Amino acid sequence: MAIGSKELMPAELATMDDERLVVELKRAKEELFNLRFQSATGQLDSHGRLRAVKRDIARLYTVIRERELGISASPAPVEKPADKKKSKKADEAATSEKDEKAEDN
């Protein structure tokens, strides 16, 4: 396995939408800046992390560019199921209450 973040594996990147890719790219660039700053001041513990973050940034740029060129498609939007699951009895009760209110008015 290549060095990099476990949450930015190629299979994971393919499922992310375009906005999330841009957010991850910004986060990775900020992390790279902080790591470079730590390296310059002699406070960096893991030098391998610099390499991993650079590779993550390259992966993100690659996926974004592939989508711009139409080489790979962005994932289809996932529809969220209804938050509340009602039973048939609850649906019937709600419908009958609405009918009663309508008749009263």
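Up top is the structure these notes are about.
Notes on the structure follow. (Residues numbered from 1 in each chain as written. Predicted model: local features only at pLDDT ≥ 70, side-chain atom pairs only at ≥ 80, totals over all residues. Heavy atoms only, no water.)

Moving on to the overall build of the protein chain. Counting secondary structure elements, the protein chain contains four helices and zero strands. Listed N to C, the secondary structure of the protein chain is α-α-α-α in terms of helices and strands. The burial tally for the protein chain puts 19% of its 105 residues in the buried class. For the protein chain, restricting intrachain contacts to residue pairs at least 6 apart in sequence, the fraction spanning at least 24 positions comes to 62%. (Helix = DSSP H or I, 4+ residues; strand = E, 2+ residues; numbered from the N terminus. Buried < 20%, exposed > 50% of the residue type's maximum accessible area, 1.4 Å probe, protein only. Contact = heavy atoms within 4.5 Å.)

With 24 residues, helix α2 (residues 18-41) should cover 34 Å at 1.5 Å per step; its first-to-last C-alpha distance of 35 Å lies within 8% of that length. Taken as a whole, α2 has its buried residues at Leu21, Glu24, Leu25, Ala28, Leu32 and Leu35. (Expected span 1.5 Å × (residues − 1).)

This paragraph deals with the nonpolar core. The biggest cluster of nonpolar side chains holds 15 residues, and the ones touching the most others in it are Leu13, Leu21, Ile57 and Leu60. Only α2 and α3 (48-69) provide two or more residues apiece to this core. Among the elements that line this core, the one with the most residues is α3, at six residues. (Core = buried A, V, L, I, M, F, W, Y, C linked by side-chain atoms within 4.5 Å.)

Following the criterion strictly, the structure yields seven salt bridges and no others. The residue Arg67 makes a salt bridge to Asp18 at a minimum N-O spacing of 2.9 Å. On the criterion of sequence distance, the pair formed by Arg67 in helix α3 and Asp18 in helix α2 is long-range, its members being 49 residues apart. Take Arg67: its relative accessible area is 12%, and that puts it in the buried class. Residue class for Asp18 comes out partly exposed when judged on its relative accessible area of 37%. Look at the salt bridges and you will find they share partners, linking Arg20, Glu24, Arg27, Glu31 and Arg49 into a network. (Salt bridge = Lys/Arg side-chain N within 4 Å of Asp/Glu carboxyl O.)

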